[in-house]
Amino acid sequence: MFAEATDPEQKTERDPRAFNAYRHGLTGQVMIMTPDDEAAYTAHCQGFHQALAPEGAVEKSLAQSIADDQWRLQRSAAIDLTRFSMGLSEPDHYFAHHPEIDAAFAQAVTWASEAKNLNLMSLYENRTQRRVERNMKMLKDLQAERKAALEKVVEEATLLAQHAASKGEPYNVETDFPPEALPPQFAFSLSEIARKVAHKSRLAAPKPFRKAA
């Protein structure tokens, strides 16, 4: 059962120790949550960052915004369920003396009395969902640009490596692609470029001819 305290003397102050306050390492904002909510929120954000695999400050910021908005959407769904559960604990307005029917009546009464708030919640969810979709597109576009920049550098480095090999000369990717010469959105290391170049070179190498048995 749920109870709403209306008399000031009946209200109890929430223990301030029930909340944790910390500064978010990525956004820099102060977050105030219960310990359980903090643990759930941290796991939620970590899951999104692992799934979206952002690189650089801009991509990480977009990934965090997406994670935060998804958290808000899930919280909205939880609030919706909680409000209807509260309605089941309130005094009945209609009776059928049947538990299932009376529960349905109570939910209908809750919906009618909370129509304005539920409508506001729906608008809130729609705007949040649109923001998620917009940020997701921006993130995917940035990641596509970053990957395209990598492929271009790898392609150029592969041609230079093949040219050096044809002359019997060693090739060092750092000579032709120093960090300051790379695109601003580039977030890959030179060692990774070198690995990809070596991989492509092995794939392009002529296969030994095998005589038929």
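Scroll up for the structure.
Residues numbered from 1 in each chain as written. Predicted model: local features only at pLDDT ≥ 70, side-chain atom pairs only at ≥ 80, totals over all residues. Heavy atoms only, no water.

Undergrad: Lay out the environment of glutamine 70 in plain terms, naming residues and giving numbers.
TA: Among the secondary structure elements, glutamine 70 is positioned in helix H2 (residues 56-89). Judged by its relative accessible area of 19%, glutamine 70 falls in the buried class. (Helix = DSSP H or I, 4+ residues; strand = E, 2+ residues; numbered from the N terminus. Buried < 20%, exposed > 50% of the residue type's maximum accessible area, 1.4 Å probe, protein only.)

Undergrad: An account of the packing of aromatic side chains is needed here, citing residue identities and associated values.
TA: Under the defined criterion, the tally for this structure stands at 1 aromatic pair. Each ring, one from tyrosine 41 and one from tryptophan 71, has its centre 5.3 Å from the other, and the planes form 80°; the classification is edge-to-face. Residue tyrosine 41 is found in helix H1 (residues 35-52), and its partner tryptophan 71 is found in helix H2; the two are separated by 30 residues along the sequence. In this structure, tyrosine 41 and tryptophan 71 share a single accessibility class: buried. (Phe/Tyr/Trp six-rings, centres within 6.5 Å; stacked < 30°, edge-to-face > 60°.)

Undergrad: Which residues make up the environment of leucine 139, and what values do they have?
TA: Structurally, leucine 139 can be placed in helix H4 (residues 115-166). With relative accessibility at 0%, the residue leucine 139 sits in the buried group. Here the alpha-carbon distance between leucine 139 and leucine 62, two residues 77 residues apart in the chain, equals 6.3 Å. Those residues within four positions of leucine 139 in sequence are excluded, and the remaining contacts are Leu52, Glu59, Leu62 and Ile66. (Contact = heavy atoms within 4.5 Å.)

Undergrad: Residues and numbers for H1, please.
TA: In a regular helix each residue adds 1.5 Å, so 18 residues correspond to 26 Å; H1 covers 26 Å between its end C-alpha atoms and thus fits that length. Positive backbone phi, at 50°, marks alanine 53, one or two positions downstream of H1. (Expected span 1.5 Å × (residues − 1).)

Undergrad: Would you mind going over the pattern of salt bridges in detail, with residue names and values included?
TA: Overall, the coordinates contain 4 salt bridges when judged by the stated rule. Across the salt bridge formed by arginine 72 and aspartate 69, the nearest N and O atoms sit 2.7 Å from each other. You can see arginine 72 and its partner aspartate 69 sitting in helix H2, 3 residues apart, about one turn around the helix. According to the relative accessible area criterion, arginine 72 is partly exposed, its value standing at 28%. Its relative accessible area of 1% is what places aspartate 69 among the buried residues. We note a salt bridge from aspartate 69 to arginine 131, for which the minimum N-O separation is 2.8 Å. Here aspartate 69, found in helix H2, pairs with arginine 131, found in helix H4; they are 62 residues apart in sequence, far enough to count as distant. The partly exposed category is assigned to arginine 131, whose relative accessible area is 29%. Here the salt bridges share partners, and the residues they tie into one network are Asp69, Arg72 and Arg131. (Salt bridge = Lys/Arg side-chain N within 4 Å of Asp/Glu carboxyl O.)

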